[in-house]
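Each chain is listed here by its residues.
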Amino acid sequence: MASSISESVHLTKYGRFLVRSYRWYHSAALIILVSYIIAIQMGPLNILYSFYRSLIIFAIPAYLSAILSIFFARLVREEFKLKTGMFLSLVVLIFISIGYTVITIGAHIFQVKTGEALIILIAYGAWITYTYMAIMVAPKKPAAILLSITQPIISIAGYAALYGMEISDAELFGATLIVAVLLSYILIKLLDMGLINGIGGGGIDIIRWMIEYEMNASDRAKEGIERIFTSLSELVEIKMNFIGFSRRRGNIGMLITTAHPGPFGKIGGSNLPEEANTAIMGWEILSPHGPCTHDFNPANQNEREKLIETAKEMITSGLKEGEASPPVKYDKKNVDFPLHLTGQRFGNTLLVTETFAPEYTEDVEPSIAYIAGEKTEYDLAFVDAHNSIMSSAKKIEFGSPRASALINSICELARKNLEDAENVRAGIGRSDRLNSRDDIGPEGIKALLVDTDGIKIAYILLDGNNMKPGLRERILQRMDEKLDMAEVLTTDNHIVNTVKSGYNPIGQKNEDEIIDECERVVFEAIDDLEEAEVLTSSATTEIKAFGSCGLEKMLAASRTISAIFTFLLLLDAWIAFIMALFIASLL
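Everything numeric here is computed off the predicted structure, so don't read it as measured data. (Residues numbered from 1 in each chain as written. Predicted model: local features only at pLDDT ≥ 70, side-chain atom pairs only at ≥ 80, totals over all residues. Heavy atoms only, no water.)

Student: Sorry if this is basic, but what is going on with the overall build of the chain here?
Tutor: When you go through the chain residue by residue, the secondary structure sums to 18 helices and 14 strands. Taking all 587 residues of the chain together, 59% fall into the buried category. Contacts spanning at least 24 positions in sequence make up 79% of the contacts within the chain whose residues lie at least 6 apart. Accessible area of the chain: about 24100 Å², with a carbon and sulfur share of 57%. (Helix = DSSP H or I, 4+ residues; strand = E, 2+ residues; numbered from the N terminus. Buried < 20%, exposed > 50% of the residue type's maximum accessible area, 1.4 Å probe, protein only. Contact = heavy atoms within 4.5 Å. Areas by Shrake-Rupley, 256 points an atom, 1.4 Å probe, with all protein chains shown as cover.)

Here's what the structure looks like:
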């Protein structure tokens, strides 16, 4: 998908707002200012006394709350940063300031004394802090209550020290505190149940871990996300093809799987291309995007490692020697869309690359490649070039016009003359000059160049998630005079996808530099050409993956809840406030 899961879980924006807050001293300075504004409103107007009052009732309790929350969080083995605590305390004070101003102006409407209103607002701060703490710091733990009532209790103690407090005021404070926490608990429970029912598990934990992983990519956030994905996973079969070139100067291999290298960061199957290249010793591994969707995201790191172990077994004990054919090209211009294929036989393996560029598309369902393979006499190694996308792109599903055209075209290509070439040479070019700032992953840009009887084809592979429309064509224009054929491929490696920015195809930045690097690695691959022995292997393995429509269900549930969350948040806050006023009228 063009967007990562986390971009679509819109609920995370509320938590991110606090987690990404200002530096702690920025919030600390604003706390002084807001506290003073509240104190002035309390009257009588006395600059020095108002400042003293602002420190005792508001500023110092806010600072202490932020600091104590860190220690309380550590007691329950949770993380809480000072900058977040300071900003959360500031948000509470801003709420008190606005609320006190409104009530002071309309005291005759609310029929509540301004002193009682201030007590209600101080206690009501627990609603804000509990909502955040229960989701982000101590979910489903009583510790969230302790973390949320610290600031209101210290503030009310300061208020009592200056003004004294009657029993009715203490009862009002206590009752409002209970109501605020209770209604916040109900809101969070509804949110949790909605996510569990919609997704099948995870609940608010998915929001928490998504936010934390975005902020610092911590191991515990990664483990938390993968735990949820594993609980929702299904067992799926993964097909793997390997095409290798054994050479004196170094072996080159292309690994194609139906496992999807997502969803984002280093979660699940993300960064599979780099890990495969690192783990498979003695080979330079290229991992272009195979026929797969997010339903085939490995659920966790262990499942990703299963794929790598299977690949190792294929190479160490399953390789077969074979011949190679010269490459063939197949272009089909339909009424509604173009289709470009390249085909090259290696042993009994038919390597086919596909693109609908410059039209934009998303992933190709594995069933399409399975069916196309069954209709040919070869073991089909299908590569979805994944080289032209817009945010509105849709995946290619079985039964669609594009899928039917693709299957028929592969069958036609397989019937072409694919006789053995007498001489086979292979070369490799590499570049790691561009990186994640250019939306390119750790594998950088590579070019595998195969020369069969003087006919040269370059498979240019960029480590990233799809490509800006038009970039493929610009790259290929540079290759016209140097090669007989070429295709631009991407790995679809979702390590380049961040939680905050799910749509980041290659080419949005530094397009000219990317083209230059592609040209450079092709020249390097040409210089690296030497005689090679063709080796192939294929295998299937089972892993736990997202499963049938797993991602779609998650996104649908999160979007639905996100759509009503703001309304529920405001409704819950208003109900809590009205109940507090009602309590005040009874006391």
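Student: I'm lost on the nonpolar core in this one. Help?
Tutor: Ranked by internal contacts, the top residues of the largest apolar core, which has 71 residues, are Phe58, Ile96 and Leu118. Elements that contribute at least two residues to this core include exactly helix 3 (24-42), helix 4 (47-75), helix 5 (82-105), helix 7 (114-136), helix 8 (143-163), helix 9 (167-199), helix 10 (205-216) and helix 11 (219-231). Counting residues per element, this core draws most heavily on helix 7, at 17 residues. Not counting the four nearest positions on each side in its chain, Phe58 is found in contact with Ser35, Ile38, Ala39, Met42, Arg53, Leu93, Ile96, Leu118 and Ile122. (Core = buried A, V, L, I, M, F, W, Y, C linked by side-chain atoms within 4.5 Å.)

Student: In this structure, what is going on with the sheet that holds strand 12 (residues 485-490)? I would like to understand it.
Tutor: Pairing between the strands of a sheet comes from backbone hydrogen bonds, and it takes one of two forms, parallel or antiparallel. Ordered by their spatial adjacency, five strands build an open sheet running 12-11-10-9-13, and the pairing between neighbours is mixed. Two strands bound the open sheet, and with one partner strand each, they are strand 12 and strand 13 (530-531). One ladder, built from six bridges, connects strand 11 (residues 455-462) with strand 12; its direction is parallel. Residue pairing across strands places Leu461 opposite Leu489, the latter belonging to strand 12. (Pairing = 2+ DSSP bridges.)

Student: Help me understand unusual backbone geometry in this model?
Tutor: Note on backbone geometry: most residues besides glycine have negative phi, and most peptide bonds are trans. Cis geometry marks the peptide bond from Gly262 to Pro263; its omega dihedral reads 20°. Locating Pro263 in the fold gives a position in the loop between strand 2 (251-257) and helix 12 (272-279). In this structure, Pro358 follows Ala357 across a cis peptide bond, with omega equal to 5°. For Pro358, the location among the structural elements is in the loop between strand 7 (349-355) and helix 14 (366-374). Of note, Asp453 is a non-glycine position whose phi angle comes to about 55°, a positive value. By secondary structure assignment, the location of Asp453 is in the loop between strand 10 (445-452) and strand 11. Taking the relative accessible area as the measure of exposure, Asp453 reaches 40% and is therefore partly exposed. Positioned with a positive phi, Asp492 is a non-glycine residue whose angle comes to about 65°. Within the secondary structure, Asp492 sits in the loop between strand 12 and helix 17 (511-527).

Student: Looking at this structure, I do not really get the sheet that holds strand 5 (residues 328-333). What am I missing?
Tutor: On the basis of which strands lie adjacent, the open sheet formed by four strands has the order 5-6-7-8 and mixed pairing. Either end of the sheet is taken by a strand with one partner, and the two such strands are strand 5 and strand 8 (379-384). Neighbour-to-neighbour, the strand axes of the sheet open up by a mean angle of 20°, direction not taken into account. As paired strands, strand 7 and strand 8 are joined by six bridges and run parallel to one another. (Axes fitted to C-alpha atoms, helices over the stretch in contact; angles between N-to-C directions.)

Student: Whenever I open this one, the packing of helix 3 against helix 4 confuses me. Can you help?
Tutor: Relative placement of two packed helices is described by the angle separating their axes and the distance separating the axes. Between helix 3 and helix 4, whose axes approach to 8 Å, the crossing angle comes to 130°. Here helix 3 lies oblique to helix 4, going by the angle between them. Here helix 3 and helix 4 pass one another in a crossing that is right-handed. Mapping the contact onto sequence places Ala28, Ile31, Ile32, Ser35, Tyr36, Ile38, Ala39, Ile40 and Met42 in helix 3 and Ile47, Ser50, Phe51, Arg53, Ser54, Leu55, Ile57, Phe58, Ala59, Ala62 and Tyr63 in helix 4. (Parallel < 35°, antiparallel > 145°, perpendicular 65-115°, else oblique. Left-handed = near helix turned anticlockwise from the far one by under 90°.)

Student: Got a minute to help me understand the packing of aromatic side chains in this structure?
Tutor: Aromatic ring pairs are described here by two measures, namely the spacing of the ring centres and the angle between the planes. Throughout the structure, instances matching the rule amount to nine aromatic pairs. Between Phe245 and Phe346, the ring centres sit 5.5 Å apart and the planes meet at 85°, which makes this aromatic pair edge-to-face. Remark: Phe346 occurs in strand 6 (residues 338-346) and Phe245 occurs in strand 1 (residues 234-246); sequence separation between them is 101 residues. Linked through ring pairs, Phe95, Tyr124 and Trp127 together constitute an aromatic cluster. The lysine or arginine in question, Arg74, covers the ring of Phe71, its NZ or CZ lying 6.0 Å from the ring centre. The ring of Phe356 is capped by Arg402, whose NZ or CZ atom sits 5.0 Å from the centre of that ring. (Phe/Tyr/Trp six-rings, centres within 6.5 Å; stacked < 30°, edge-to-face > 60°. Lys NZ or Arg CZ within 6 Å of the ring centre and 35° of its normal.)

Student: Would you take a moment to explain the environment of Gly343 for this structure?
Tutor: The residue Gly343 is located in strand 6 in this model. Placed 16 residues apart in sequence, Gly343 and Pro327 show a C-alpha to C-alpha distance of 5.6 Å. Here Gly343 is in contact with Pro326, Pro327, Val328, Leu351 and Leu413, once residues within four sequence places are set aside.

Student: So what exactly am I meant to see when it comes to a nonpolar patch on the surface here?
Tutor: Where nonpolar side chains cluster on the molecular surface, the patch consists of Ile60, Leu64, Ile67, Leu68 and Phe71 and spans about 400 Å² of accessible area. Checked against the element boundaries, Leu64 lands in helix 4. Residue Leu64 is classed as partly exposed on the basis of its relative accessible area, which comes to 38%. (Patch = residues over 30% accessible without salt bridge, like charges linked within 9 Å, V, L, I, M, F, W, Y side chains within 5 Å. Salt bridge = Lys/Arg side-chain N within 4 Å of Asp/Glu carboxyl O.)

Student: Quick question: what am I supposed to make of the pairing of strand 1 here?
Tutor: Note that strand 1 and strand 14 (residues 533-545) share 13 bridges and pair antiparallel. Looking at strand 14, one finds that Glu234 is bridged to Ala545. For strand 1 and strand 2, the ladder comprises six bridges, and the chain directions are antiparallel. Bridging from a neighbouring strand, Phe245 pairs with Ile252 of strand 2. In this structure, the hairpin formed by strand 1 and strand 2 is closed by a connection of four residues, where Gly250 is found at a positive phi of approximately 135°.

Student: What's the story with helix 14 in this structure? I'm lost.
Tutor: Listing the buried residues of helix 14 in full gives Pro366, Ile368, Ala369, Ala372 and Gly373. One face of helix 14 carries all of its buried residues, which in axial projection span an arc of 160°. Looking at the buried side of helix 14, the elements it contacts are strand 8 and helix 15 (401-414). (Arc of directions from axis to C-beta.)

Student: What should I look at first to understand the pairing of strand 12 in this one?
Tutor: Moving residue by residue along a regular strand, the side chains alternate between the two faces of the sheet. With six of six residues buried, strand 12 is to be regarded as a mostly interior element. What you see with strand 12 is no split at all: Met485, Glu487 and Leu489 on one side and Ala486, Val488 and Thr490 on the other are buried throughout. The parallel pair strand 11 and strand 12 is bridged by helix 16 (residues 471-479), and the resulting crossover is right-handed. (Right-handed = clockwise from strand over helix to strand, strands pointing away.)

Student: Explain the environment of Ser404 here, please?
Tutor: Position of Ser404 among the secondary structure elements: in helix 15. Note on Ser404: relative accessible area 35%, which makes it partly exposed. Sequence spacing of Ser404 and Ala372 is 32 residues, and the spatial spacing of their C-alpha atoms is 9.5 Å.

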